[in-house]
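# Topology and contacts: notes
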Amino acid sequence: MAATADTVRQVEDVTGGAYKYGFVTDIEADVAPKGLDESTIRFISAKKEEPEWLLEWRLKAFEQWKRMIEPEWAKVDYERIDYQDIHYYSAPKQKDGPKSLDEVDPELLATYAKLGIPLKEQELLAGVVAVDAVFDSVSVATTYKKELEKKGIVFCSISEAVREHPDLVKRYLGSVVPVADNYFACLNSAVFTDGSFVYIPKGVRCPMELSTYFRINAQNTGQFERTLIIADEGSYVSYLEGCTAPQRDENQLHAAVVELVTLDDAQIKYSTVQNWYPGDENGKGGIYNFVTKRGACRGKRSKISWTQVETGSAITWKYPSCILQGDDSVGEFYSVAITNNAQQADTGTKMIHLGKNTRSTIISKGISAGRADNTYRGLVRISKKAEGARNYTQCDSLLIGDKCGAHTVPYIESKNPTARIEHEATTSKISEDQLFYCLSRGLSAEQAVSLIVNGFCKEVMKELPMEFAVEAQKLIGISLEGSVG
Amino acid sequence: MALLEIKDLHAEVDGKPILKGIDLTIEPGEVHAIMGPNGSGKSTLSYVLAGRDGYEVTGGSIKFDGKDLLEMEADERAVAGIFLAFQYPVELPGVGGMTFLKEALNARRKAAGEDEIDAMGFLKLVRAKAKTLEITDEMLKRAVNVGFSGGEKKRNEILQMAVLEPMLCVLDETDSGLDIDALKIVSDGVNALRAEGRSMLVITHYQRLLNHIVPDKVHVLAQGKIRRTGGKELALELEQKGYADFVEAA
């Protein structure tokens, strides 16, 4: 097929440069016409054969969204999005959903293999990671399902969960991020197409990492996935999320919603390596990553831990947050955000302390190079009843060159006199001395920057699961290529 | 063929001339010492050899192992076999010493067309070299130079040198800030590296280092020029008389 040769060439073209995942897969897709109105939502719902309640839920969200105004408070600058110029649904064509991996289009499997995400179970690391792959709007494959089912773990696409586990979905969907929480979450509620669903039953420790890999392929398509993870009492799960998109000149919107719920003594560790196409060095193209991620520690002694390595996207705008409701619950946020060239990131977290003796830790590492802007924005709120709450925040910024910017905007609100809140912030530059020292040992300028930046991010990187950490380290190097001359 | 051949080298920093016509030839296996008062251009010479930005060569030539050194970037010089032991080794927070050293070694091996060293082989190599320098495993685990004492930093420089096995070692005031015991350890480390085909350029203020690392030749650098060259006895003479003669002469 000529298209395949084209794809290979494109891959070769981009691997010489910075972004290695910019290729397009030539695959027949089922696409909704551009634009958004009630009929679009009915189309999506019908395509997914959804129950009536979910359609109602979507339509209600859409009604509210129409009355909302796109927020402008973030320190990011972009051309307004034309919401009528986006496809809200794109699915690789297939008669029925794949029953097993053998039925998945080989072209798709090849795409994921190229991305380094083998979906064939025998190729996966001896049962260490189970993967749900989302291609444009739909989940194309979920591995190790049977294995997990034995333990009562549900890991499937959210569409499937709506069909198979409606009670759980009904109970928790929108319970952490309400439908009208914010502009982009509300849009997502109206048009979300797929995403992952996880349920870990009482007392079960998930035996492998669960992973979702998101890929935007089709042109002018928004990706609106929805992830819902529920950890029942005393359970544990580690979840990984990775993402890439082809290299295109126009911007693409990614507005996801992730909701996490932990009950008593449960723990969720959520790790993201975000590598959406960042646009070219002049700021043309790239993904707008406007995502709402929030976890509710509903149960006592429960814990939610967010770790993110953000290297991609033209604009990153997200605040993975924790609502610490249960007494003695723990929230953690470890973040590395790298911006190079014309990239912009406004990211951070919210730690809302409601329960007694709740604790939160925030470690944020922002790295800016080129003409990029990097903002940490965070909120620590201690409510009246949060007796004995504690927070420790550390925000470090590293600048490479003299045309980039780093900003730290911490908000702290405490209504309880017993609270202990610590905030530390530093800003530094990679010094000439450090660079020369590395060069004089034979490292190239790029290696040197990568090494120094990885050192700077170490506290966050060590929170990532092993397999992910290696990938993330390499990614940091790639993202900063050409940042020193 | 000489390993290093410097001819009429002129260099400036921030537009200010520092080196004003240096001629220096080092044969393979020779150890040369450069002595001189503060501000004579000793450190500038070492930075020019290592290829640091901002140290601009305005005239003359440097040949290293038959190649035009001035055409090469700092990292290219390093992988080609030049090693500078820093007077003030730089801290790299969060960067593990072993990781750093392994990347450096692999860069050098790659340039030589060799395969990357495997993890076990590397560990064995480093431990063996570290032992003679009294560097503990705990020190190896720390971030590069972070929280190191002055003596530890200098020993760490020599460890890097021992692992990278350069052809030309430039030691920039390696004795500064060392007590007598540390000086002995460092000198022993350097002497262990003396070999046929490996040359050294030892820059120092004081003769005492040269009691341990005995040079073949001693040069006096003052006000940007080599004023006198002699054998190891020249160092003793300088110890007694000081640099006053050379400063006046200039």
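Attention in this report is confined to the structure presented alongside it. (Residues numbered from 1 in each chain as written. Chains lettered and ligands numbered in written order. Predicted model: local features only at pLDDT ≥ 70, side-chain atom pairs only at ≥ 80, totals over all residues.)

### Some words on the pairing of strand 14 (residues 303–310) of chain A
All names here are of chain A. Counting buried positions along strand 14 gives 8 out of 8 residues, so the element sits mostly inside the fold. Burial of the side chains of strand 14 extends over both faces: K303, S305, T307 and V309 are buried on one face and I304, W306, Q308 and E310 on the other. With 8 bridges connecting them, strand 12 (residues 267–274) and strand 14 associate as parallel partners. Bridging across to strand 14, I268 finds its partner in I304. Strand direction decides the pairing type here: strand 14 and strand 17 (residues 330–339), joined by 8 bridges, are parallel. The residue bridging W306 from the neighbouring strand is F333, located in strand 17. (Buried ≥ 20, exposed ≤ 12 C-beta atoms within 10 Å, placed from the backbone. Helix = DSSP H or I, 4+ residues; strand = E, 2+ residues; numbered from the N terminus. Pairing = 2+ DSSP bridges.)

### Observations concerning the environment of L480 of chain A
All names here are of chain A. Considering the arrangement of structural elements, one finds L480 in the segment after helix 12 (466–479). A sequence separation of 33 residues divides L480 from Q447, and the C-alpha atoms of the two residues are 9.8 Å apart. For L480, the residues in contact, after removing those within four places along its chain, are I338, N340, A369, I400, V449, S450 and V453. (Contact = placed C-beta atoms within 7 Å.)

### Brief notes about the nonpolar core
Within the largest apolar cluster, 192 residues are counted, with the highest numbers of intra-cluster contacts made by V198 of chain A together with V170 of chain B. The contacts of V198 of chain A, once residues within four sequence positions are left out, are V154, F155, L210, I229, I230, V237 and Y239 of chain A. (Core = buried A, V, L, I, M, F, W, Y, C linked by C-beta atoms within 7 Å.)

### Comments concerning the interface of chain B and chain A
By a frequent convention, interface size equals the accessible area lost on bringing the separate parts together. The interface is formed by 21 residues belonging to chain B together with 17 residues belonging to chain A. Elements with a contribution of two residues or more to the side of chain B that touches chain A: helix 2 (74–80) and helix 3 (97–111) of chain B. Here the element with the most residues in the side of chain B that touches chain A is helix 3 of chain B; it accounts for 5 residues. Of the residues in the side of chain B that touches chain A, the class split is 14 nonpolar, 2 polar and 5 charged. (Nonpolar A, V, L, I, M, F, W, Y, C, P; charged D, E, K, R; others polar.)

### What to know about the environment of V204 of chain A
Residue and element names in this part refer to chain A. Here V204 shows up in the loop between strand 6 (196–200) and strand 7 (209–215). V204 sits in the buried class, given 20 other C-beta atoms within 10 Å. C-alpha of V204 to C-alpha of I41: the two residues are 163 residues apart in sequence and 37 Å apart in space. Those residues in contact with V204 that sit more than four places away from it in its chain are K151, G152, I153 and S235.

### Here we look at the sheet that holds strand 2 (residues 16–26) of chain B
Residues and elements named next belong to chain B. Strand order in the open sheet formed by 4 strands is 2-1-4-5, with antiparallel pairing between adjacent strands. Only two strands of the sheet have a single neighbouring strand rather than two, namely strand 2 and strand 5 (67–68). Contacts between helix 1 (residues 42–50) and the sheet are confined to strand 1 (4–13), strand 2 and strand 4 (55–64), with strand 2 contributing the most and set at about 70° to the helix. (Axes fitted to C-alpha atoms, helices over the stretch in contact; angles between N-to-C directions.)

### With respect to the sheet that holds strand 8 (residues 199–204) of chain B
Residue and element names in this part refer to chain B. Within the open sheet, the 6 strands sit side by side as 6-7-8-3-9-10. Their pairing is mixed. Of all the strands in the sheet, just strand 6 (82–85) and strand 10 (225–230) have a single pairing partner and so form its edges. Within this sheet the neighbouring strands show an average axis-to-axis angle of 20°, counted without direction. Of the strand pairs in this sheet, strand 7 (residues 168–172) and strand 8 are connected by 5 bridges, and their pairing is parallel. Pairing of L171 across the sheet is with V202, part of strand 8. Running at roughly 145° to strand 7, helix 1 makes contact with strand 3 (31–35), strand 6, strand 7, strand 8 and strand 9 (217–222) of the sheet.

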